[in-house]
Amino acid sequence: MIVGYMVIIIGVMYFVAIRPQKKEQKKQSQMLSALEVGDIVLTTSGFYGTVIDITDDTVIVEFGNNKNCRIPTQKSAIVESEKPDAE
């Protein structure tokens, strides 16, 4: 009887905690793999910028209108990405 309860509790924990986390990690990795030069990104620090160059684990992001403000950041520091409008 106790073993049955433990199996149920472990099953609930899987569907409440582990499964959503894996889905979020998969979504994040897909977003980072689709990242291209020219995309607008949001970093974990809250800054919006444009991707200038991409290497294996580093992305050079240009912040603001100042062309001299190019900062290398880790790919893991990117929270969101969107393609620029094709206007």
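Criteria and cut-off values
- Residues numbered from 1 in each chain as written.
- Predicted model: local features only at pLDDT ≥ 70, side-chain atom pairs only at ≥ 80, totals over all residues.
- Heavy atoms only, no water.
- Helix = DSSP H or I, 4+ residues; strand = E, 2+ residues; numbered from the N terminus.
- Contact = heavy atoms within 4.5 Å.
- Salt bridge = Lys/Arg side-chain N within 4 Å of Asp/Glu carboxyl O.
- Pairing = 2+ DSSP bridges.
- Axes fitted to C-alpha atoms, helices over the stretch in contact; angles between N-to-C directions.
- Buried < 20%, exposed > 50% of the residue type's maximum accessible area, 1.4 Å probe, protein only.
- Polar contact = N/O pair within 3.5 Å; in protein donor to acceptor, adjacent residues only side chain to side chain.

By secondary structure assignment, the location of Y14 is in helix 1 (residues 2-33). Taking the C-alpha atoms as reference points, Y14 and F47, 33 residues apart in sequence, are found 34 Å from one another. Contacts of Y14, omitting those with residues within four sequence positions, involve R19 and P20.

Under the counting rule described, the total for this entry stands at 3 salt bridges. For E36, the salt bridge identified is with K83, shortest N-O distance 3.8 Å. Taken together, the positions of E36 in the loop between helix 1 and strand 1 (40-43) and K83 in the segment after strand 5 (78-82) put the pair 47 residues apart, joining distant regions of the chain. Residues participating in the shared-partner salt-bridge network are E36, D39 and K83.

For the rest of this paragraph, the subject is the sheet that holds strand 5. Think of a sheet as strands paired side by side through backbone hydrogen bonds, with each pair either parallel or antiparallel. Reading across from one edge, 4-3-2-1-5 is the order of the 5 strands in this open sheet, with antiparallel pairing throughout. The strands lining the two open edges of the sheet, one partner per strand, are strand 4 (70-74) and strand 5. Pairwise comparison of adjacent strand axes, ignoring direction, gives a mean angle of 40° for this sheet. Of the strand pairs in this sheet, strand 2 (residues 48-54) and strand 3 (residues 58-63) are connected by 5 bridges, and their pairing is antiparallel. Its bridge partner lying in strand 3, V51 is registered against V61.

This next bit is on the side chain of E62. You can see E62 is positioned in strand 3. On the basis of relative accessible area, E62 is assigned to the buried category, the value being 8%. Reaching out from E62, the side chain makes a polar contact with the side chain of R70 at a distance of 3.0 Å. If near-sequence neighbours (up to four positions away) are discounted, E62 is found in contact with G49, T50, I52, K67, C69 and R70.

Everything listed is a geometric property; what it means functionally is a separate question.
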